[in-house]
Structure formats: C-alpha cells, structure tokens
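Take a look at the letters that make up each chain.
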Amino acid sequence: SGFGTTRTQSNETRFGWGDTANIIATPRNGKIFQYWLFEDNSTIRDESISVTIHSDLSIKAVFSAQTFDIDLSVITLDENGSIIEAVNGGAVSTINNSQNYSFEHEELAELTSVAYPGYQFVRWENADLNSTESNWSNEILYDQDLKAYF
C-alpha cells in the first residue's frame, strides 16, 4: 500500500532450505509498522525478524498511517477581550460534522467555527498561526494545540 518497504538484510530474495533470512520492515515518513503476517495468520510485531527457511514462504508486512491529534480549546471572551469562564460562545466541528480531532499524517484537517447567538467568532490561534477566518484547514504533520476564540 506504499506505507513502507521490506527487504532482507542481505538483499537476497531466494534462500535454500535451512537458510536464515533476516527481514527488515521500514515504514515511510508518517507511517507505522504494525506487524508481520504469516500464511497461518500468526503475527510478529518486531520490525526485524529472522526466519529459517523450510519451504516456500509468504510473509506480509502490515503498516498503518500515523495519527495525530488536535487538542482543541474553545475560549469565550467578553467585550474587553478577557476570558469568560464556564461560558461557551461557540463550537467547532470538522467539515463532516464530527467531533473527532484525530487525523492521519498529511491528512487535511478542515474545521468550522459556529458562533452561538449573541457571540461571534474572533480568531484561531496556535503555534503556527493567528487567523480570523471562520474556517481553518491545515495539513496535519504533528500533534497540535489549537484555540478557537469567540
């Protein structure tokens, strides 16, 4: 699936009976090695394994996308710009109306701010940006803290 590569330590693909094949799985950037899957559905979770050859063998390396989280804080301000505790001036959802803020590596996160009656959206803020646009989108490469001010 393009999530990683496999190779033998010797770069050989043919082995004789009784030979030991040292096999290495290498995940691509933003991906994670999960396990080796053998024909009998047994698994091994080590990225490097040694297999003694006694017959033709088919082994599959299973990789997955690394996920990152957006730690979202919704903050309500009064007319002077001071934080109002225990009041929600709005909400944030993903473009598909989910409240899940976990994204795969390089996935485009698209968030929408929704101001409650009597409030308006003020800004998004994190280490990389300060934006007054009501919609926020970003390619996710790492865990992030994001604040939505209303």
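The structure this text deals with has already been given above.
Here goes a summary of the coordinates provided. Not measured: the values here are computed from a predicted model.

**Structural notes on the pattern of salt bridges**
When the charged atoms of two side chains lie near each other, side chains of opposite charge can form a pair. Per the stated rule, a full pass over the model turns up one salt bridge. Between R123 and E125 there is a salt bridge, with its nearest N and O atoms 3.0 Å apart.

**Side note on the side chain of Q144**
Following the sequence through the fold, Q144 ends up in strand β14 (residues 144–149). For Q144, a relative accessible area of 6% corresponds to the buried category. A polar atom in the side chain of Q144 sits 3.2 Å from the side chain of N126.

**A look at the nonpolar core**
Of all hydrophobic cores here, the largest spans 15 residues; its most connected members are I70, V92, L111, W124 and W136. Elements that contribute at least two residues to this core include exactly β7 (67–75), β10 (108–115) and β14. Considering every element that reaches this core, the biggest residue donor is β7, with three residues. When near neighbours in sequence (up to four residues on either side) are disregarded, W136 contacts I70, A109, E110, L111, W124, N126, L129, Q144 and L146. Core analysis: the second largest hydrophobic core is formed by 11 residues, F33, F38, I53 and A61 among them.

Rules behind the numbers
- Residues numbered from 1 in each chain as written.
- Predicted model: local features only at pLDDT ≥ 70, side-chain atom pairs only at ≥ 80, totals over all residues.
- Heavy atoms only, no water.
- Salt bridge = Lys/Arg side-chain N within 4 Å of Asp/Glu carboxyl O.
- Helix = DSSP H or I, 4+ residues; strand = E, 2+ residues; numbered from the N terminus.
- Buried < 20%, exposed > 50% of the residue type's maximum accessible area, 1.4 Å probe, protein only.
- Polar contact = N/O pair within 3.5 Å; in protein donor to acceptor, adjacent residues only side chain to side chain.
- Core = buried A, V, L, I, M, F, W, Y, C linked by side-chain atoms within 4.5 Å.
- Contact = heavy atoms within 4.5 Å.

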